[in-house]
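Observations on the model geometry
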Amino acid sequence: VQLQASGGGLVQAGGSLRLSCAASGRTFSRYNMGWFRQAPGKEREIVAAITWSGGGTHYANSVKGRFTISRDNAKNTVYLQMNSLKPEDTAVYYCAATARGLLQNNEYDYWGQGTQVTVSS
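Residues numbered from 1 in each chain as written. Predicted model: local features only at pLDDT ≥ 70, side-chain atom pairs only at ≥ 80, totals over all residues. Heavy atoms only, no water.

**Description of the packing of aromatic side chains**
Put simply, the rule reads: Here is the rule: rings of Phe, Tyr and Trp (six-membered ring for Trp) pair when centre to centre is within 6.5 Å. Planes less than 30 degrees apart are stacked, more than 60 are edge-to-face, and the remainder are tilted. Each helix is a run of H or I in the DSSP string that is no shorter than four residues. Each strand is a run of E no shorter than two, and both are numbered from the N terminus. Any residue under 20% of the maximum accessible area for its type is buried, any over 50% is exposed, and the rest in between are partly exposed; the area is computed with a 1.4 Å probe on protein chains only. For a Lys NZ or an Arg CZ to count as sitting over a ring, it must be within 6 Å of the ring centre and within 35 degrees of the ring normal.
Considering all chains together, one arrives at four aromatic pairs under this definition. Both rings, one in Tyr31 and one in Tyr110, keep their centres 5.8 Å apart while their planes meet at 85°; by these two values the pair is edge-to-face. You can see Tyr31 sitting in the loop between strand E3 (17–23) and strand E4 (32–38) and its partner Tyr110 sitting in strand E10 (residues 110–111), a full 79 residues away along the chain. A residue is classified by how much of its surface remains accessible, and Tyr31, at 13% relative accessible area, is buried. Taking 4.9 Å as the distance between ring centres and 80° as the angle between the ring planes, the aromatic pair formed by Phe36 and Tyr108 counts as edge-to-face. Taken together, the positions of Phe36 in strand E4 and Tyr108 in the loop between strand E9 (91–98) and E10 put the pair 72 residues apart, joining distant regions of the chain. The two residues Phe36 and Tyr108 agree in class, both being buried. In this structure, Arg18 is placed above the aromatic ring of Tyr79, and the distance from its NZ or CZ to the ring centre is 4.0 Å.

**Structural notes on the side chain of Arg71**
Under the convention used in this document: Neither His nor the chain ends is counted toward charge; the positive residues are Lys and Arg and the negative residues Asp and Glu. By salt bridge we mean one thing: a side-chain nitrogen of Lys or Arg within 4 Å of a carboxyl oxygen of Asp or Glu. Nitrogen and oxygen atoms within 3.5 Å of one another constitute a polar contact, given that in protein one can donate a hydrogen and the other can accept it, and given that sequence-neighbouring residues count only through two side-chain atoms. Throughout, a contact is declared for two residues whenever any of their heavy atoms are within 4.5 Å.
Relative to the helices and strands, Arg71 resides in strand E7 (residues 67–72). The buried charged residue Arg71 lacks any salt bridge partner; its closest oppositely charged side chain belongs to Asp72, at an N-O distance of 8.3 Å. Side-chain polar atoms of Arg71 contact the backbone oxygen of Tyr31, separated by 2.8 Å. Look past the residues within four positions of Arg71 in its chain and what remains in contact with it is Phe28, Ser29, Tyr31, Asn32, Met33, Ile50, Thr51, Trp52, Gly54, Thr77 and Val78.

**Quick word on the nonpolar core**
The criterion, for reference: By convention a nonpolar core is built from buried Ala, Val, Leu, Ile, Met, Phe, Trp, Tyr and Cys residues, the set being connected through side-chain atoms within 4.5 Å.
Ranked by size, the top nonpolar core spans 30 residues in total, and within it Met33, Trp35, Leu80, Met82 and Tyr93 carry the most contacts. Where this core is concerned, the elements lending two or more residues are strand E1 (3–6), E3, E4, strand E5 (45–50), E7, strand E8 (77–82), E9 and strand E11 (115–120). If sequence neighbours within four positions are ignored, Met82 has contacts with Gly15, Ser16, Leu17, Leu19, Arg66, Phe67, Tyr93 and Val117. Ile46, Ala96, Leu102 and Tyr108 belong to the second largest nonpolar core, which has six residues in total.

**As for the layout of surface pockets**
Test applied: Buriedness for pockets is judged along seven lines, at least five of which must meet protein on both sides within 12 Å for an open set on the 1 Å grid over protein atoms alone, while cavities are sets there where a 1.4 Å probe fits but cannot get out, and lining residues have an atom within 4 Å of a point. Grid points are joined across faces, edges and corners, and a volume is the space filled by probe spheres set on the points. For this scheme, ten residues count as nonpolar: Ala, Val, Leu, Ile, Met, Phe, Trp, Tyr, Cys and Pro. Four count as charged, namely Asp, Glu, Lys and Arg, and the remainder, Gly too, count as polar.
Its boundaries defined by the atoms lining it, the largest pocket holds a volume of some 160 Å³. Arg37, Lys42, Glu45, Glu88 and Asp89 are the residues nearest the centre of the largest pocket, which is lined by 13 residues in total. Among the residues forming the lining of the largest pocket, the class breakdown is two nonpolar, three polar and eight charged.

**Details of the state of the cysteines**
Here, the word disulfide means a covalent bond between the sulfur atoms of two cysteines. Let me state the cut-off plainly: For this text, the term disulfide refers to a pair of cysteine sulfurs within 2.5 Å.
On inspection of all chains with the given rule, the structure shows one disulfide. With its sulfur 2.1 Å from that of its partner, Cys21 forms a disulfide with Cys95. One disulfide, between Cys21 and Cys95, carries an S-S torsion of 60° and so falls in the right-handed class. With a gap of 74 residues between them, Cys21 in strand E3 and Cys95 in strand E9 connect regions that are remote in the sequence.

Given below as structure tokens:
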């Protein structure tokens, strides 16, 4: 699976962005998908994850109620809608795919190239 993330940019605090991650291949619907982020000097952390069917989701406590993960298996795409953005959300955001887990970095086998999100105060 090859992943291409897009949709990052510069936004003011309180604003919104929608990230997209397009996957190649015909087996996208078999993979659980996750969005991760990495800020300068910090470890990569999971932001949100969604099961292969879309029936299950997980969010980091820091983004609950503000971010929404979704997927469209017909379009081979997973989304991250980010609302009420805060300066601390500034990071490079990565999408990733796994067939063997959901919540841990080391369970993900395929990674996109990352898209920068910058939230100004």
